[in-house]
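# A closer look at the structure
Chain by chain, the residues run as shown.
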Amino acid sequence: MSATEATADDRPVVDEHRSQWRQTWSILVSNRMALFGLVVLGLLVVAALLGELLAPHGANAQGFEFYAAPSLDHPFGTDNLGRDVFSRVLIGARTSLQVGAVSVGISLVAGTLLGLVAGYRGGWLDAVLMRSMDVLFAFPIVLLAIAIVAVLGPSITNAMIAIGVAFTPIFARVVRGSVLSVREEVFVRAVRSLGASDVRIVLRHILPNVAAPIIVQTSLSFAFAILTEAALSFLGVGVQPPTPAWGLMLQEGRGVIDLAWWMGLFPGLAIFLTVMAFNVVGDGLRDALDPKQRSIIESRGQGVDA
Amino acid sequence: MSDPVLSVRDLHVRFGSKRGVAHVVRGVSYDLHAGETLALVGESGSGKSVSTLALTKLIPMPPGRIDGEVHFGGRELVAMSEAELRSIRGNDIGFVFQDPMTSLNPVHPIGRQLTEGMRHHLGLSASAARDRAVELLSLVGIPDAANRLDAYPHQFSGGMRQRVVIAIGLSCEPKVLIADEATTALDVTTQAQIVDLVERLQEELGLAVVWITHDLGVVAGIADRVMVMYAGEIVEEADVDDLYGSPRHPYTVGLLGSLPVLGADEPGELTTIHGLPPDPTAMPPGCAFHPRCEFRDDDRCRDEHPPLRDADDAGDGHRVRSFYEVPADVREAASTSSQVAEAPPNAGDPLPAEASEGDR
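Residues numbered from 1 in each chain as written. Chains lettered and ligands numbered in written order. Predicted model: local features only at pLDDT ≥ 70, side-chain atom pairs only at ≥ 80, totals over all residues. Heavy atoms only, no water.

### What about the interface of chain A and chain B?
Let me state the cut-off plainly: Residues are treated as being in contact if the distance between any of their heavy atoms lies within 4.5 Å. Throughout, the accessible surface (probe 1.4 Å) given up by two parts as they are put together, summed over both, is called the buried area. For this document, the term salt bridge refers to a Lys or Arg side-chain nitrogen within 4 Å of an Asp or Glu carboxyl oxygen. Any pair of nitrogen or oxygen atoms within 3.5 Å is treated as a polar contact; in protein, a donor-acceptor pairing is required on top of that, and neighbouring residues in sequence qualify only through side-chain atoms on both sides. Secondary structure elements follow DSSP: runs of H or I of four or more residues count as helices, runs of E of two or more count as strands, with numbering from the N terminus.
Counting from both sides, the interface comprises 28 residues of chain A and, opposite them, 34 residues of chain B. Summed over both sides, the interface of chain A with chain B buries roughly 2,700 Å², with 53% coming from carbon and sulfur. Counting across the interface, chain A meets chain B through three salt bridges. Of the charged contacts, one joins Glu116(B) and Arg204(A) as a salt bridge, the two residues approaching to 3.8 Å between their closest N and O atoms. For the pair chain A and chain B, the interface holds 11 residue pairs in polar contact (both at pLDDT 80 or more). Counting residues per element, the ones that place at least two in the side of chain A that touches chain B are α1 (16–30), α7 (186–193) and α8 (198–206) of chain A. Here the side of chain A that touches chain B takes seven residues from α7(A), the largest share from any one element.

### Observations concerning the layout of surface pockets
This is how it is decided: Cavities and pockets are found on a 1 Å grid laid over the protein atoms alone: a cavity is a set of points where a 1.4 Å probe fits but cannot escape, a pocket is an open set with protein on both sides within 12 Å along at least five of seven lines, and a lining residue has an atom within 4 Å of such a point. Grid points are joined across faces, edges and corners, and a volume is the space filled by probe spheres set on the points. Note on residue classes: Ala, Val, Leu, Ile, Met, Phe, Trp, Tyr, Cys and Pro are nonpolar, Asp, Glu, Lys and Arg are charged, and everything else, Gly too, is polar.
Of the volumes computed, that of the second largest pocket is approximately 940 Å³. Taken together, 29 residues line the second largest pocket, and the ones lying closest to its centre are Arg192(A), Ile59(B), Pro60(B), Met61(B) and Pro62(B). Taken together, the elements giving at least two residues each to the lining of the second largest pocket come down to α3 (85–121), α4 (123–138), α6 (156–183) and α7 of chain A together with α2 (82–88) of chain B. Classifying every residue of the lining of the second largest pocket by side-chain character gives 15 nonpolar, three polar and 11 charged.

### Side note on the side chain of Arg89(B)
Residue and element names in this part refer to chain B. Stated formally: Exposed residues in this analysis have more than 50% of their type's maximum accessible area, buried residues have under 20%, and partly exposed residues fall in between, with area computed by a 1.4 Å probe over protein chains only.
Structurally, the position occupied by arginine 89 is in the loop between α2 and β6 (93–96). Overall, arginine 89 belongs to the buried group, its relative accessible area being 0%. Within polar-contact distance, the side chain of arginine 89 engages the backbone oxygen of lysine 57 at 3.3 Å.

### Notes on the confidence of the model for chain A
Residue and element names in this part refer to chain A. Let me state the cut-off plainly: Per residue, pLDDT captures the predictor's confidence, and it can take any value from 0 to 100.
For chain A, per-residue confidence averages 80 on the pLDDT scale, and residues scoring 70 or more make up 88% of the total. Every residue in residues 1–15 scores below 50 in pLDDT, and together they form 24 contacts with partners more than four places removed in sequence or on other chains. With pLDDT under 50 throughout, residues 301–306 is counted as low confidence; its partners more than four residues away or in other chains account for 16 contacts.

### Quick look at the packing of aromatic side chains
How two aromatic rings sit relative to each other is given by the distance of their centres and the angle of their planes. Operational definition: Ring pairs shown here join Phe, Tyr and Trp side chains whose ring centres sit within 6.5 Å, with only the six-membered ring taken for Trp; geometry is labelled stacked below 30 degrees between planes, edge-to-face above 60, and tilted in between.
Summed over all chains, the structure comprises seven aromatic pairs over all chains. Aromatic pair Phe222(A) and Phe278(A): ring centres 4.6 Å apart, planes at 15°, arrangement stacked. Separated by 56 residues along the polypeptide, Phe222(A) in helix α9 (residues 211–234) and Phe278(A) in helix α11 (residues 261–289) bring together distant segments of the chain. An identical accessibility class is assigned to Phe222(A) and Phe278(A); each is buried. Ring centres 4.6 Å apart and planes at 55° place the aromatic pair Tyr230(B) and Tyr251(B) in the tilted group.

### Topic: the pairing of β6(B)
All names here are of chain B. As a reminder, the rule being used: We call two strands paired when DSSP finds no fewer than two bridges between them.
Side chains Ile93 and Phe95 of β6 all project onto a buried face; the interleaved residues Gly94 and Val96 project onto the opposite face, where all are buried too. Note: β6 against strand β7 (residues 176–180), four bridges, orientation parallel. Bridge pairing links isoleucine 93 to valine 176 in β7.

### A closer look at the pattern of salt bridges
All names here are of chain B. Throughout the structure, instances matching the rule amount to 27 salt bridges over all chains. In this structure, arginine 292 engages glutamate 43 in a salt bridge whose closest nitrogen and oxygen atoms are separated by 4.0 Å. Taken together, the positions of arginine 292 in the loop between α10 (250–257) and α11 (300–303) and glutamate 43 in the loop between β3 (37–41) and α1 (48–53) put the pair 249 residues apart, joining distant regions of the chain. Residue arginine 292 shares its accessibility class with glutamate 43, and that shared class is buried. The shortest N-O distance in the salt bridge between arginine 89 and glutamate 82 comes to 3.0 Å. Shared partners join several salt bridges into a network, and the residues in it are Glu36, Arg225, Glu237 and Arg319.

### Brief notes about unusual backbone geometry
Residue and element names in this part refer to chain B. One non-glycine residue with positive phi stands out, namely aspartate 144, at about 55°. With respect to the helices and strands, the residue aspartate 144 is situated in the loop between α4 (126–139) and α5 (145–148). Even without a glycine there, the phi angle at alanine 231 is positive, about 50°. Its place among the elements puts alanine 231 in the loop between β9 (225–230) and β10 (233–239).

### Remarks on the nonpolar core
Formally: Remark: nonpolar core denotes a set of buried residues (Ala, Val, Leu, Ile, Met, Phe, Trp, Tyr, Cys) joined through side-chain atoms within 4.5 Å.
Grouped together as the largest cluster of nonpolar side chains are 66 residues, with contacts concentrated most on Leu114(B), Leu137(B), Ile166(B), Trp211(B), Val226(B), Val228(B) and Tyr251(B). Once you skip the residues sitting within four places of it in the chain, Trp211(B) turns out to touch Thr37(B), Leu38(B), Ala39(B), Leu40(B), Ala179(B), Thr183(B), Val195(B), Val198(B), Val218(B) and Ile222(B). Residues Val89(A), Ala159(A), Val275(A) and Ala277(A) belong to the second largest nonpolar core, which totals 56 residues.

Right, dumping it as structure tokens:
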């Protein structure tokens with residue numbers, strides 16, 4: 001805990017802001033589940049960045065025995081084309097994270113902008129925007145993504161676009177809801193009474209105040225995006241072979257599950273772990289950014305007021 | 001007297017609501033001169049805040065609608081575009097809002113919030129604005145100002161925050177400062193300090209202040225002139241001494257009569273104004289106060305709207321919106337009971353009529 005006990009006058013208050021983030025961090029890592037999630041995510045990022053270097057074999061290197069059971073040489077066994085499943089799972093992390101990052105990035109930017117505009121402007125614009133979001137939201141996400149991919153053609157890029165579009169309403173709703181309450185705060189009126197323009201008010205004064213729910217939503221959406229990508233790949237409309245992707249590998253292993261269970265199990269486990277890691281980190285972030293939780297921790301011997 | 005800095009003529013504010021059009025400000029007119037303090041008093045919902053927010057169109061529109069004229073520095077503000085108004089807000093007309101806990105943005109250090117207006121309106125560089133921010137904070141009495149610029153609002157106490165808010169309101173040296181319940185949320189000691197501060201700044205900067213409050217004690221301590229608002233109109237307007245010494249409107253008489261008397265020989269029962277203010281979506285055609293009025297002689301005021309007229313044998317500019325004269329002895333009783341006029345500015349109590357807020 002960064003002690004602010006001695007804050008008042010003898011300590012430069014400049015690093016207070018940083019210490020807020022440090023405090024969030026310390027709350028986050030004190031949550032055992034979240035810490036576990038962070039470790040898993042750290043390993044995933046390493047795998048995604050250095051997959052080829054770490055993997056014992058190439059993703060598409062063939063020439064091994066077909067359907068070899070897990071062994072020391074091939075910890076996760078080999079698949080129907082004699083490729084090392086362990087290497088493919090490792091390298092496949094990149095696909096998953098890439099899809100997660102790009103699609104969540106799309107929905108984050110689009111959803112946040114839409115939510116800010118709808119929440120701040122209100123009135124008919126709000127109604128039109130949010131009703132369109134409701135229409136998008138009414139479709140099951142996977143179905144919507146399939147529809148978009150069906151129009152654009154199956155590829156990893158289109159899968160990312162599809163997931164991004166499908167997730168946009170979630171962000172738009174979260175952001176709009178928060179903006180609606182922040183918009184009514186006195187400081188918004190005060191800033192307006194100082195002559196600030198709407199754009200300035202929204203970007204500089206409202207957006208930072210709705211950051212916490214956006215951060216949490218980002219983390220949770222990552223998990224769903226990866227899951228959706230796996231589902232799309234499984235259905236054959238996402239990542240195309242021979243690119244190593246967990247959903248695709250799961251699908252390839254499905255038909256031979258009684259012959260080579262390892263082909264499906266390990267990519268499935270990878271999806272499970274990743275999604276769970278993002279979820280527990282998201283939950284942890286939600287707690288850490290919750291002002292009520294914070295104040296409990298702040299009250300543990302911290303002078304708030306100077 | 002010199003030309004007024006701010007001149008409001010027949011200002012109306014209406015809000016469209018599900019229950020019909022709420023006419024919350026109904027023909028308010030006044031002049032504000034440099035260096036003058038005008039107090040706007042009235043209970044919650046009397047339109048005092050809205051009437052000042054409407055000056056620079058700070059109310060949401062729609063559903064709000066503003067009619068009338070607001071003259072400031074040779075320009076008319078009601079017809080002005082949003083972009084032009086932005087150059088006036090903060091720059092020429094500054095606001096200080098009621099709640100110091102919520103009128104600062106929690107995510108920005110106060111220095112950033114303080115310099116924002118100056119950089120925008122005065123075109124100051126970051127370092128020049130910072131220098132001036134330090135000056136301003138010292139001016140409003142924040143010790144160690146240079147080191148406090150990077151502190152966040154939550155690191156300040158309520159009184160200190162309100163000083164920061166006032167510093168922000170003053171940052172661009174406006175000609176008019178509108179203090180909307182600027183001391184209501186503060187304890188009385190801090191209140192007195194803030195009142196003193198504003199008075200001092202007024203002398204130093206020649207600022208005209210509109211002080212919105214329901215605290216008649218503060219009014220007595222700070223105002224030159226007082227306007228009493230009821231149901232969106234000015235019902236009485238007078239110099240502060242005239243108003244306390246010789247209240248003319250039945251509502252004002254009721255307000256002053258309902259204040260506790262400091263140092264009274266025997267603490268009597270406080271008088272109250274029975275009834276509730278009218279529904280703004282269904283104003284009575286006559287006098288808005290007539291259902292609660294104790295001094296009406298006939299039914300004239302039920303159907304006929306009384307104009308704001310000069311009060312009989314009263315001081316200059318003492319105007320009242322009533323057909324009737326409150327008997328001199330009742331006036332006398334109300335004014336003597338309001339020793340609050342001589343009491344320190346923080347000794348008064350909020351209007352008892354404020355209690356009706358919860359019913360509405």
